[in-house]
Number of protein chains: 2
Amino acid sequence: MSPPRSSEGYLYDASGPSCRGLPTEAVVQGSLHTRSSYDVVVIGAGFAGLVAARDVALDRNLRVLLLEARDRIGGRTWVAKAWGEDFEMGGTYVHWCQPHVFGELHRHGLEKDLKTSAGTTATEYINYKPKEKKDTQRVSDVAKYNAMLVDVAEKFFSIDDMTPRQVMPYPHEPSRNQPWQRYDHMSAQDRLDQLDIPQDEKDMFSAHVSSFGSGPASETAWVDTLRWYALGGYGFPTMYDAAASFKIGNGGTTNLCRHILSEYNGDVVMNKQVTSLTQADGSGALIKCVDGSNFTARRVICTIPLNCLGDIKFDPPLSIAKQEAVKRGHMNIGEKYHFSMDEVQGNWFANTSPHGGADFVFGLKDHDGTQSSIKQGTYAMCFGKNGKLADPTNYELVISEYKKLQPEGRVKGYLSHTWSKDPYAKGAWFCASPNMTKHLAVLQRPHGRILMANADWANGWRGFIDGAIEQGHRAAAMVKASLASEQTAKIAML
Amino acid sequence: MSPPRSSEGYLYDASGPSCRGLPTEAVVQGSLHTRSSYDVVVIGAGFAGLVAARDVALDRNLRVLLLEARDRIGGRTWVAKAWGEDFEMGGTYVHWCQPHVFGELHRHGLEKDLKTSAGTTATEYINYKPKEKKDTQRVSDVAKYNAMLVDVAEKFFSIDDMTPRQVMPYPHEPSRNQPWQRYDHMSAQDRLDQLDIPQDEKDMFSAHVSSFGSGPASETAWVDTLRWYALGGYGFPTMYDAAASFKIGNGGTTNLCRHILSEYNGDVVMNKQVTSLTQADGSGALIKCVDGSNFTARRVICTIPLNCLGDIKFDPPLSIAKQEAVKRGHMNIGEKYHFSMDEVQGNWFANTSPHGGADFVFGLKDHDGTQSSIKQGTYAMCFGKNGKLADPTNYELVISEYKKLQPEGRVKGYLSHTWSKDPYAKGAWFCASPNMTKHLAVLQRPHGRILMANADWANGWRGFIDGAIEQGHRAAAMVKASLASEQTAKIAML
């Protein structure tokens, strides 16, 4: 039985029909019967919302509704099916150093499905667009290049006679007083410019930094790259292990989402976009949807991403500080493409920033889907630059830009989720631009009876699945505690 | 108000009264009323038992009893109070790379209390008992010594042209097919003897290995030291970060235990030692206690440590494979001592194995309890050798052995938990001797309606708090699933 089809995603197939909308196990049916009033309404069925709803509904005394604008669960993570393979269309990576997602995997016995992305763990050659050269060049000595990155990283993340460990000793606790906070204003490029190293090394490292947020080092906060480095054990090899090596096999992130949903005892409404959240009478919140329907709730957990919060009308409005954060948004507005190639390719990784050269910021050979051998061809994964390549139907452009990263590739098709055009995401995974630290605590604060939960303002693995789950747990615990204390107060008044 | 007093632990105070039994928040009262029959009885209120009982009892339909032989919770972890400070008398270390305990800390908002042990993270000098020298010597160049350890470690953990990553790519999944399994028979000393490095480096590294299991490298399984190395990111600095740097401040492990207990909705019975577990009639288990009292349960979660399982009479008996595992036990039979010194000491770390020299295997300067400055003196933490120093009242011997590690120390008192003599532990944290891998899967298997859960056979951070919590979650999920399927079968038969 083939899975249902989401309206999302795009498939280009050189030898067959191309189409919008892809089959995925992430499409789920809503509940048959729903109420108009709940104890808790959770908006958004991404990881934060799924975990929050599940956690709250484990308390059988609370009536919970999970409300989702899309036709599928998972938010910025989902698995589409094409050519007999599973493709992660969004957020992908997990690791046992990401405590919240690893705990969730373990809860469902899915840690046994972990597998590596062959392309990232044992790269044989690296492509790179050097300054003032027209074409992508191949780095001749990968071991030397990698050693250079490790060496520059240690200098890049050390500052004012402090080691990276001393600058950010507690990467999971941004609100604890730590030296890194005083460098919040600095871009990654600013820090590179301070180093006394050859310009060539600066350029190569700067290109590498573009993989943190699909944008140039000059727009990427230095402290956000340091956060990855610290979370990943203060070293390049361990960082890539922790941040970008292991994916979930056997159904991927969507399988994990479905496991969490299977534990959830409340109601679900799909395809229902929220337009406003009103807290008027002091007893709860009114949730208005685009089709005119309403729900009321004693508490709301709002998991809408930072770049979309401005689309919701809050009454009373969000605090000035929150509005400022929403207005800034985050800087990672990239697209994600999976390419399928006829030929078997060696492992590669390609950068083009900071000097342009392609509308893709970076790309890499990916594992071969569910196949254990690479005999049948090659898949590659590439990330589009902010605002570029947002039209996946323009296959001539897409393929020609791909070839700038990987000239020998013979593309037979691709899959894409153009996240910049996604109305419920307006971007990819969170990445900070300079001066964004102050917004973090602001976004974590409740807005009256509305709790805000999203990976975009997580404490640890911000922008990762792990951060989404962290915030989902947190919001559920806060809502349960707040409803319990309300209950205690009620009993005391009797 | 001073906390209640456990019968456990010993305080020696040169300037005041010494005593057996120490004040601790880990002493808790049992329930006022209990039943004779439960759905689930959890034996042991260490981390595995606390988490298992909490998880099961969150399902309000199940009646749960937590049964503990001691007068306190925490098992091999607890915090005693002395001289106005908190002391971890057993298992101590946590980290965000230990996913299960970090999730639990986060659940209770305790990650903000993490603090480092100053002594281990910035050692200024290292003491070492060299071969054929009578006294402990000071390593003159700590940076050089540390670089030597890093270098030897890379050789030690690489084998047959494989890097440590290739030998153990999935450190959290011992049952997944990986190259390390073929080296299960090898001791750490065996591997050292294979290396083409100076004997002096072998001896120093061998001494270091003794800190994994408070015993000589010749009795320590090479694969178990590799497990620490892999879990800690395949490097010495990251391994020590992950395994032995961060403790919980502000009440320590006991505070975390109390938080878990506060979520638990079932009954608690303290001071009740289980003597036998009988599954006779096919419907459940009979739990007999040393005072003649009994409980029945549909399922039992038994969290008794490996080295004590032989003290319980199982009827029907454990499988031959389980009996073999129990008979072997694990090799870490050490004691733990905290010393208080008048003088302010620099940071130090001391080894004595493999050449003896002291009845302590290793020791280090510890942080100054809850004090933020070191102006008021120094605390040090030392681990006794198997079977030695098990009498804490023999203060002359204890202090003279301490001085072999740290000759200039002026001891004004010490605290001790002599784990080897503890009838409910019979040892310290788990460490494997060669040829123990096969026992792991055996111990994880249920014995009829009895689930076995203990850090001693955890998949990942075996022997750590993290491993205990991992196994607690696992046992609770298995018990709930098994009771739910029984329920489904019952309904189908109606």
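You'll find chain A entered in an unreviewed UniProt entry as Amine oxidase, with Zymoseptoria tritici given as the organism. The UniProt entry for chain A carries the following comment under Catalytic activity (unreviewed entry): "a secondary aliphatic amine + O2 + H2O = a primary amine + an aldehyde + H2O2".

Draft legend 1. Geometry of the relation of the copies chain B and chain A. When chain B is brought onto chain A, the operation consists of a screw motion whose angular component is 180° and whose axial shift is 0.0 Å, with 0.0 Å RMSD remaining. Such a combination of rotation and displacement between the chain copies is what one expects of a two-fold axis.

Draft legend 2. Spotlight on the packing of aromatic side chains. Taken as a whole, this structure holds 56 aromatic pairs over all chains when the rule is applied. The interplanar angle of 80° and the centroid separation of 5.0 Å between the aromatic rings of Phe-87 of chain B and Tyr-379 of chain B together place this pair among those described as edge-to-face. Of this pair, Phe-87 of chain B sits in strand S6 (residues 85-88) while Tyr-379 of chain B is found in strand S19 (residues 378-384), placing the two residues 292 residues apart along the sequence. Across this residue pair, the class does not change: Phe-87 of chain B and Tyr-379 of chain B are buried. Each ring, one from Phe-383 of chain B and one from Trp-429 of chain B, has its centre 5.4 Å from the other, and the planes form 90°; the classification is edge-to-face. Residue Phe-383 of chain B is found in strand S19, and its partner Trp-429 of chain B is found in the loop between strand S20 (411-417) and helix H13 (437-444); the two are separated by 46 residues along the sequence. The buried category is assigned to Phe-383 of chain B, whose relative accessible area is 9%. Sitting above the plane of the Tyr-170 of chain A ring, Arg-176 of chain A keeps its charged end 3.7 Å from the centroid.

Draft legend 3. Spatial organisation of the interface of chain B and chain A. Taken together, the 26 residues of chain B in the interface contact 26 residues of chain A. Summed over the three residues of chain B that lose the most area to chain A, namely Trp-96, His-106 and Tyr-170 of chain B, the buried surface amounts to 24% of that side. Taken together, the connections running from chain B to chain A amount to two salt bridges. Where Asp-241 of chain B meets Arg-165 of chain A, a salt bridge forms, and the shortest distance between an N and an O atom there is 2.4 Å. Between chain B and chain A we count six residue pairs in polar contact (both at pLDDT 80 or more) in total. If you list the elements that add at least two residues to the side of chain B that touches chain A, you get helix H2 (99-107), strand S7 (114-116) and helix H9 (236-244) of chain B. Tallied by class, the residues present in the side of chain B that touches chain A amount to 11 nonpolar, six polar and nine charged.

Draft legend 4. Quick peek at the pattern of salt bridges. Across all of its chains, the model carries 55 salt bridges over all chains by this definition. When the shortest N-O distance is used, the salt bridge between Asp-456 of chain A and Arg-76 of chain A registers 3.1 Å. Separated by 380 residues along the polypeptide, Asp-456 of chain A in the loop between strand S21 (450-452) and helix H14 (465-493) and Arg-76 of chain A in the loop between strand S4 (64-67) and strand S5 (79-82) bring together distant segments of the chain. Each member of the pair, Asp-456 of chain A together with Arg-76 of chain A, is buried. Of the charged contacts, one joins Arg-54 of chain B and Asp-55 of chain B as a salt bridge, the two residues approaching to 2.8 Å between their closest N and O atoms. The exposure class of Arg-54 of chain B is buried, given its relative accessible area of 0%. When salt bridges that share partners are traced, they join Asp-39, Arg-63, Arg-298, Arg-299 and Glu-486 of chain A into one network.

Draft legend 5. Structural view of the nonpolar core. With 318 residues, the main nonpolar core has Phe-339 of chain A together with Phe-339 of chain B as its most contacted residues. Apart from the residues lying within four places of it in its own chain, the contact partners of Phe-339 of chain B are Phe-360, Thr-378, Tyr-379, Ala-380, Cys-382, Val-398, Tyr-402, Val-411, Gly-413 and Tyr-414 of chain B.

Draft legend 6. Expanded view of the pairing of strand S16 (residues 335-341) of chain B. All names here are of chain B. Across the seven residues of S16, seven count as buried, placing the element largely inside the fold. The two faces of S16 match: Glu-335, Tyr-337, Phe-339 and Met-341 on one face and Lys-336, His-338 and Ser-340 on the other face are all buried. Two strands pair when backbone bridges link them, and S16 and S20 are joined in this way by six bridges, in the antiparallel orientation. Its bridge partner lying in S20, His-338 is registered against Leu-415.

Draft legend 7. How the structure looks around the sheet that holds S20 of chain B. Residue and element names in this part refer to chain B. Pairing is mixed in the open sheet, where nine strands are placed in the order S2-S1-S20-S16-S19-S18-S17-S8-S9. Pairing within the sheet leaves two strands with one partner each, and these edge strands are strand S2 (19-20) and strand S9 (137-139). Both strand S8 (residues 125-128) and strand S17 (residues 348-351) contribute to a ladder of four bridges, which runs parallel. Paired with Asn-127 across the bridge in S17 is Ala-350. Lying on the sheet, helix H4 (residues 142-157) is in contact with S8, S9 and S17; it crosses S8 at an angle near 70°. This element, helix H7 (residues 199-213), spans S8, S9, S17 and strand S18 (360-366) of the sheet and lies at about 100° to S17.

Draft legend 8. Region of interest: the confidence of the model for chain A. When pLDDT is averaged along chain A, the result is 93; 97% of the residues meet or exceed 70. Here the prediction assigns the complex a pTM of 0.95, and the interface score ipTM is 0.91.

Draft legend 9. Structural detail: the side chain of Asn-307 of chain B. Relative to the helices and strands, Asn-307 of chain B is located in the loop between strand S14 (294-302) and strand S15 (313-315). Apart from residues lying up to four places away in sequence, Asn-307 of chain B is in contact with Gly-329, His-330, Ile-333, Ala-425, Lys-426 and Asp-456 of chain B.

Draft legend 10. Quick look at the state of the cysteines. Summed over all chains, the structure comprises zero disulfides over all chains. Looking at the unpaired Cys-431 of chain A, the closest cysteine sulfur is the one in Cys-308 of chain A, lying at 17 Å. With no disulfide of its own, Cys-302 of chain B lies closest to Cys-308 of chain B among cysteine sulfurs, the gap being 10 Å.

Draft legend 11. Inspection of the packing of helix H7 (residues 199-213) of chain A against helix H9 (residues 236-244) of chain A at higher detail. Residues and elements named next belong to chain A. Where H7 meets H9, the closest approach of the two axes is 13 Å, and the angle between their N-to-C directions is 25°. Considering their axes alone, H7 and H9 lie roughly parallel with respect to each other. Note that H7 runs across H9; the crossing there is left-handed. On H9, the residues that touch Phe-205, His-208, Ser-211 and Phe-212 of H7 are Phe-236, Met-239 and Tyr-240. Of the residues in the contact of H7 with H9, the class split is five nonpolar, two polar and no charged.

Draft legend 12. A look at unusual backbone geometry. Residue and element names in this part refer to chain A. Of note, the amide linkage connecting Asp-315 to Pro-316 takes the cis form, showing an omega dihedral of 0°. One can find Pro-316 in the loop between strand S15 (313-315) and helix H11 (320-328). Phi is positive for Trp-83, which is not a glycine, with a value near 50°. Structurally, Trp-83 is set in the loop between S5 and strand S6 (85-88). Backbone geometry at Ser-214 places phi at a positive 50°, although glycine is not the residue there. Assignment of secondary structure puts Ser-214 in the loop between H7 and helix H8 (222-231). A residue is classified by how much of its surface remains accessible, and Ser-214, at 2% relative accessible area, is buried.

Draft legend 13. Summary view of the UniProt feature "binding site: FAD" (unreviewed entry) in chain A. Residues and elements named next belong to chain A. In the UniProt entry, the feature "binding site: FAD" (unreviewed entry) is given for Glu-68, Ala-69 and Val-274. These annotated residues cover 207 residues of sequence, but their C-alpha atoms sit close together, with the largest distance between any two at 8.4 Å. Looking at the element boundaries, Glu-68 is found in the loop between S4 and S5. Taking the relative accessible area as the measure of exposure, Glu-68 reaches 5% and is therefore buried. Each residue touching Glu-68, except ones within four places of it in the same chain, is listed here: Gly-44, Ala-45, Gly-46, Val-269, Met-270, Asn-271 and Lys-272.

Draft legend 14. Seen up close, the sheet that holds strand S2 (residues 19-20) of chain A. Residues and elements named next belong to chain A. Ordered by their spatial adjacency, nine strands build an open sheet running S2-S1-S20-S16-S19-S18-S17-S8-S9, and the pairing between neighbours is mixed. Two strands lie at the open edges of the sheet, namely S2 and strand S9 (137-139), each paired on one side alone. Of the strands in this sheet, strand S8 (125-128), S9 and strand S17 (348-351) are in contact with helix H4 (residues 142-157), which crosses S8 at around 70°. Sheet contacts for H7: S8, S9, S17 and strand S18 (360-366); angle to S17, the most-contacted strand, approximately 100°.

Draft legend 15. Representation of the pairing of strand S1 (residues 10-13) of chain B in the model. Residue and element names in this part refer to chain B. Neither face of S1 is open: one carries Tyr-10 and Tyr-12, the other Leu-11 and Asp-13, and all of them are buried. The pairing of S1 with S20 spans four bridges and is antiparallel. The partner of Leu-11 across the bridge, within S20, is Leu-415. Pairing analysis gives two bridges linking S1 to S2, with the strands arranged antiparallel. Residue pairing for S2: Tyr-10 is matched across the bridge by Arg-20. If you look at the hairpin formed by S1 and S2, you'll find five residues sitting between the two strands.

About the criteria used
- Residues numbered from 1 in each chain as written.
- Chains lettered and ligands numbered in written order.
- Predicted model: local features only at pLDDT ≥ 70, side-chain atom pairs only at ≥ 80, totals over all residues.
- Heavy atoms only, no water.
- UniProt positions renumbered as here; feature names shortened; annotations may be inferred.
- Least-squares fit on C-alpha atoms with pLDDT ≥ 70 in both.
- Phe/Tyr/Trp six-rings, centres within 6.5 Å; stacked < 30°, edge-to-face > 60°.
- Helix = DSSP H or I, 4+ residues; strand = E, 2+ residues; numbered from the N terminus.
- Buried < 20%, exposed > 50% of the residue type's maximum accessible area, 1.4 Å probe, protein only.
- Lys NZ or Arg CZ within 6 Å of the ring centre and 35° of its normal.
- Contact = heavy atoms within 4.5 Å.
- Buried area = accessible area lost by both parts, 1.4 Å probe.
- Salt bridge = Lys/Arg side-chain N within 4 Å of Asp/Glu carboxyl O.
- Polar contact = N/O pair within 3.5 Å; in protein donor to acceptor, adjacent residues only side chain to side chain.
- Nonpolar A, V, L, I, M, F, W, Y, C, P; charged D, E, K, R; others polar.
- Core = buried A, V, L, I, M, F, W, Y, C linked by side-chain atoms within 4.5 Å.
- Pairing = 2+ DSSP bridges.
- Axes fitted to C-alpha atoms, helices over the stretch in contact; angles between N-to-C directions.
- pLDDT = per-residue confidence, 0-100.
- Disulfide = S-S within 2.5 Å.
- Parallel < 35°, antiparallel > 145°, perpendicular 65-115°, else oblique.
- Left-handed = near helix turned anticlockwise from the far one by under 90°.

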